[in-house]
Amino acid sequence: MSALLPLAADLDQNKVTPGVLGFIVFAVIGGAVWLLMKSMNRHMKRVNFEEAPEPAPSTESGKPTA
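Cut-offs applied
Residues numbered from 1 in each chain as written. Predicted model: local features only at pLDDT ≥ 70, side-chain atom pairs only at ≥ 80, totals over all residues. Heavy atoms only, no water. Helix = DSSP H or I, 4+ residues; strand = E, 2+ residues; numbered from the N terminus. Buried < 20%, exposed > 50% of the residue type's maximum accessible area, 1.4 Å probe, protein only. Areas by Shrake-Rupley, 256 points an atom, 1.4 Å probe, with all protein chains shown as cover. Polar contact = N/O pair within 3.5 Å; in protein donor to acceptor, adjacent residues only side chain to side chain. Patch = residues over 30% accessible without salt bridge, like charges linked within 9 Å, V, L, I, M, F, W, Y side chains within 5 Å. Salt bridge = Lys/Arg side-chain N within 4 Å of Asp/Glu carboxyl O.

1. Thoughts on the overall build of the chain
Part 1: Helix and strand counts for the chain stand at two helices and zero strands.
Part 2: Scored against the burial criterion, the 66 residues of the chain give a buried share of 0%.
Part 3: Carbon and sulfur atoms form 65% of the exposed surface of the chain, whose accessible area is close to 7,000 Å².

2. Looking at the environment of His43
Part 1: Among the secondary structure elements, His43 is positioned in helix 2 (residues 19-46).
Part 2: A polar side-chain atom of His43 sits 2.8 Å from the main-chain carbonyl oxygen of Ser39.

3. Description of a nonpolar patch on the surface
Part 1: A contiguous nonpolar surface patch, about 880 Å² in accessible area, is contributed by Leu21, Val25, Ile29, Val33, Met37, Met40, Met44, Val47 and Phe49.
Part 2: Structurally, Phe49 is set in the segment after helix 2.

Okay, structure coming up:
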């Protein structure tokens, strides 16, 4: 264990790196976003964007409105 102490002294104490765990977490989040986008695209293809025609305005007095 004492052989590793000189190597630890060479490290900058003010420098923080994410390391392997940070990369794994970032990769998992990226994969999840990719899967969600694929799912969203699949669901958006099923959506019908055609609007129903508006009903004609009812005229109670029998006179058309302009």
